[in-house]
Amino acid sequence: MKHDAIAVIDFGGQYAHLIATKIRRLNVLAEIRQPEDPVERFEKYKGIIFSGSPDLSSHGEDASFNDRIFDLDIPILGFCYGHQEVAKRYGGEVVHGGREWGPAQLHIVRDHPLFKGLDKTEPVWMSHFDTVSAIGDDFEELGYSTTGAHSEPNRFAAIGSDKLRRWGFQFHPEVDDTLHGQEILSNYVVDICGCRPSWTMDRYLEDQIERIRQQVDGKSVFLLISGGVDSSVAAQLFSRALGPDRLCLLHVDNGLMRHEESRRVLASLRGIGLGDNLHFIDATTDFLTALDDLVEPEKKREAIGNTFIEVFQREAKKLGIENHLLGQGTIYPDTIETGGTKRADTIKTHHNRVPLIEEMITRGLVVEPLADLYKVEVRELGGRLGLPREMLDRHPFPGPGLGVRLLCSTGEEPSDDISTMTAELAPVAGPFALQAMALPARSVGVKGDLRTYEHPVMFSGEARWETLLNASSAAFREVSGINRCIWNLGPTHPRETKPLRATVTDKRLALLRQADHAVMEGLKRYGIYNDIWQCPTVLIPLQLDGKGSELVVIRPIYSKRAMTAVAAELPGGLLDDLRREILSLPEVSGLALDLTSKPPGTIEWE
Ligand code: XMP
């Protein structure tokens, strides 16, 4: 092996690849391995990490887990489910319960090389149902956790045996919300496993150019280019690897683009020298026809994904390039949240992972040079390839476009008991001097590693940002069946809400475009566009107090990799501008700001 490397065993948690990517940021190669891989496969690694898992309770049997891995004389560190596996293997016990989601404090009980450079108390991120309740004789507790000022300690949040070279953390050092997670990973990978940092982004670029040339093998590549960061970087990478003549680009206006987007995209692609082999098609009618009548988020995604392929195949035929391979700017989170690792729960299907594409991938007809990278890394690679900053700094925009920001509904009252939820919310919101109501709409979210499809809560009342966030946390803790909280920017708390039948239509898209444009321009005017990771604007087909047909929700977030996110506060002046611009539109029933972190919400509402 050219590089010292770490094996990350993927038990199916969403974060397995995140662990690998974080290790690569240390310039150490990390590779994903499956738990049932033959033990010999692991011998070449200088260290092993066990990931978390969405559905494997440590009580249950996981027959395919090759526990001979424990016989190897290689350091092993487990996170979450992996931590519980380590504990159990060496005489510890795991119980169902003690679940924690979100921020917690780790209290480190003694100096240890894993915690070199850290404080005695550290902010960490938890996402689990089961906990370690006892540890084996060779093991010691290295840290316990608490989730609030007066909360009971959760024992064994960090455990280990230096003699056996086995350790485990209940928390996730790989997520950005664990403040010094990267230091902990570095302590493990560099100090404990002894890996030398030789794996760099320049190296990645060279490797990918080589890989593209090998896979494409004298043929050419056809790439659908949205103009977003990923497809633009992929295009430039293909152009570098194959030369512009062997790259054919097609920009499809799917009718789900933002205000004037296609015109701008074509201009900027020409501006970076990718204009020679660039084609454009307006396929709005194809997409809107495919979406006609659809309501369920996954059905909408599937229809959009399949229409992309139909349009792509039709246009490829017209252009006479059916033998080209299909290039995609798929990045890592697109694959993982579709259930891209072997066991990850399907949180949603990304448009570039629909069955037709999956089938082409199996036949080796798809080239995806960014599939191991997160957005920050794609931006870094784009910088290496010389793309202009304003192209690289654009907010991410999902492939299915406004299609996932236009919520649809049959108009029927939900089967869940919304009024009971609202009654349960009253004592939660009261202490924060807020009013609360569960809304008869549903959106996609994620809890633990599982997908949810639950109700938003609307808070009304004047409050500081911190108070609103605390009220949201309390609501998620106390009331089940909800996965989002929003803050009403309208003048009064609604007494009555009515779901309306709505699908993806031209008219709704036009309204969404107008609201989204107002938000984007506002972020730029207030100079905060680049601080904010992304800011979807969403339409929900709800009438409030007999008025309008669309509740508009603005979702500004801070994030680093889109795997987790926190809601971003917007300046009061900007909120006033948006109230003026959006609340005055006749179809609009209300305006609200999303307060939800990810988890329990996702970034897009779907
Ligand atoms: P969620 O909603 O899962 O989104 O928190 C995570 C990130 O992925 C983007 N996103 C997509 N990007 N195709 C894409 O290219 C898709 O189908 C898709 N769905 C979500 C989303 O905007 C966010 O940045």
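See the structure printed just above.
J.: Just to check I follow, could you spell out the packing of aromatic side chains for this structure?
T.: Note on aromatic pairs: each is described by the distance of the centres and the angle between the planes. Here the structure, examined in full by the defined rule, presents twelve aromatic pairs. Ring centres of Trp199 and Tyr204 lie 5.8 Å apart, and the angle between their planes is 75°; this geometry places the pair in the edge-to-face category. Using a relative accessible area of 2% as the deciding quantity, one classes Tyr204 as buried. When the ring of Phe287 is compared with that of Phe308, the centres are 5.0 Å apart and the planes differ by 70°; the resulting orientation is edge-to-face. Highlighted residues: Phe287 in helix H7 (residues 284-291) and Phe308 in helix H8 (residues 297-319), separated in sequence by 21 residues. Taken as a pair, Phe287 and Phe308 share a single burial class, namely buried. Three or more aromatic residues link up through ring pairs in this structure, and these residues are Phe11, Phe50, Phe70, Tyr81, Tyr90 and Phe139. A cation over a ring is seen here: Arg258 above Phe397, with NZ or CZ 3.7 Å from the ring centre. Sitting over the face of the ring of Trp533, Arg379 holds its NZ or CZ atom 5.5 Å from the ring centroid.

J.: Would you mind showing me how to read the packing of helix H15 (residues 506-525) against helix H16 (residues 572-583) here?
T.: Between two packed helices, what matters for the description is the angle formed by their axes and the separation of those axes. Packing of H15 against H16 brings their axes to within 10 Å, and their N-to-C directions diverge by 155°. Classified by the angle between their axes, H15 and H16 sit roughly antiparallel to one another. For H15 against H16, the interelement crossing comes out right-handed. Facing Ala515, Ala518, Val519, Gly522, Leu523 and Arg525 of H15, the residues of H16 in contact are Leu574, Asp577, Leu578, Glu581 and Ile582. When grouped by side-chain class, the residues that make up the contact of H15 with H16 number seven nonpolar, one polar and three charged.

J.: What exactly am I supposed to notice about the pattern of salt bridges here?
T.: Where charged atoms from two side chains of opposite charge approach closely, those side chains can pair. By the definition in use, this model includes 41 salt bridges. The partner of Lys116 in a salt bridge is Asp191, with the nearest N and O atoms 2.6 Å apart. Note that Lys116 is positioned in the loop between strand E5 (93-108) and strand E6 (121-134) and Asp191 in helix H3 (residues 181-192), a separation of 75 residues in sequence. Residue Asp191 is classed as partly exposed on the basis of its relative accessible area, which comes to 41%. Residues Arg451 and Glu298 are paired through a salt bridge, measuring 3.9 Å at the closest nitrogen-oxygen approach. Separated by 153 residues along the polypeptide, Arg451 in strand E18 (residues 450-460) and Glu298 in helix H8 bring together distant segments of the chain. For Arg451, a relative accessible area of 24% gives the class partly exposed. Bridged by salt links that share partners, the residues Arg25, Asp202, Glu377, Glu380 and Arg384 form one connected network.

J.: Looking at this model, I keep getting lost on a nonpolar patch on the surface. Mind explaining?
T.: The grouping of Trp101, Phe129 and Leu450 at the surface amounts to a nonpolar patch, some 240 Å² of accessible area in total. Tracing the backbone through its elements, the reader meets Leu450 in strand E18.

J.: How do you make sense of the layout of surface pockets when you look at a structure like this?
T.: To locate leftover empty space, one rolls a probe as large as a water molecule over the atoms. Its volume calculated, the largest pocket comes out at about 1,200 Å³. Lining of the largest pocket is provided by 27 residues; of these, Trp101, Gly102, Pro103, Ser473 and Arg477 occupy positions nearest its centre. Those elements giving two or more residues to the lining of the largest pocket turn out to be E5, helix H14 (465-478) and strand E26 (566-567). Grouping the amino acids of the lining of the largest pocket by side-chain chemistry returns twelve nonpolar, nine polar and six charged. Taken as a whole, the second largest pocket encloses approximately 490 Å³ of empty space. What lines the second largest pocket is a set of 21 residues, among which Arg258, Arg264, Arg394, Lys524 and Tyr529 lie closest to the centre. Counting residues per element, the lining of the second largest pocket draws most heavily on H15, at five residues. Residues that form the lining of the second largest pocket fall into these classes: six nonpolar, six polar and nine charged. Mapped onto the domain boundaries, the lining of the second largest pocket takes at least three residues apiece from domain 2 (201-399) and domain 3 (409-594).

The rules behind the values
- Within each chain, residue numbers correspond to sequence positions counted from 1 in written order.
- It should be noted that, the model being predicted, local features are given only for residues of pLDDT at least 70 and side-chain atom pairs only at 80 or more, the latter also being counted only at that level, while totals for whole chains, interfaces and linings use all residues.
- Values shown for side chains rest on all heavy atoms present in the structure; no hydrogens or waters enter the calculation.
- Note on ring pairs: Phe, Tyr and Trp rings are taken, using the six-membered ring of Trp, and paired if centres are within 6.5 Å. Classes follow the plane angle, with under 30 degrees stacked, over 60 edge-to-face and the rest tilted.
- Accessible area is worked out with a 1.4 Å probe on protein chains only. A residue is then buried under 20% of its type maximum, exposed over 50%, and partly exposed in between.
- In this text, helices come from DSSP runs of H or I with a minimum length of four residues, and strands from runs of E with a minimum of two, each type numbered from the N-terminal end.
- Remark: a charge is flagged as sitting over a ring if the NZ atom of Lys or the CZ atom of Arg is within 6 Å of the ring centre and within 35 degrees of the ring normal.
- As a rule, the C-alpha atoms of each element are fitted with a line to give its axis, helices using only the stretch in contact, and angles between N-to-C directions run from 0 to 180 degrees.
- These descriptions rest on fixed angle ranges, namely under 35 degrees for roughly parallel, over 145 for roughly antiparallel, 65 to 115 for roughly perpendicular, and the rest for oblique.
- The hand of a helix crossing depends on one turn: near helix anticlockwise from the far one by less than a right angle means left-handed, and clockwise means right-handed.
- Residue contacts follow a heavy-atom distance rule, with two residues in contact if any of their heavy atoms lie within 4.5 Å.
- Amino acids are sorted into nonpolar (Ala, Val, Leu, Ile, Met, Phe, Trp, Tyr, Cys and Pro), charged (Asp, Glu, Lys and Arg) and polar (every other residue, Gly among them).
- Within this document, salt bridges are pairs made up of a side-chain nitrogen of Lys or Arg and a carboxyl oxygen of Asp or Glu, the two lying within 4 Å of each other.
- Like charges within 9 Å and nonpolar side chains (Val, Leu, Ile, Met, Phe, Trp, Tyr) within 5 Å are joined into patches, using only residues over 30% in relative accessible area that form no salt bridge.
- Residue burial considers only the protein chains on display, and all accessible areas are found by Shrake-Rupley using a 1.4 Å probe.
- Buried and open spaces are told apart on a 1 Å grid over the protein atoms alone, a cavity being a set of points where a 1.4 Å probe fits but cannot get out and a pocket being an open set with protein on both sides within 12 Å along at least five of seven lines. Residues with an atom within 4 Å of a point are the lining residues.
- Grid points are joined across faces, edges and corners, and a volume is the space filled by probe spheres set on the points.
- Residue ranges for the domains trace back to a domain assignment, done automatically or taken from a database.

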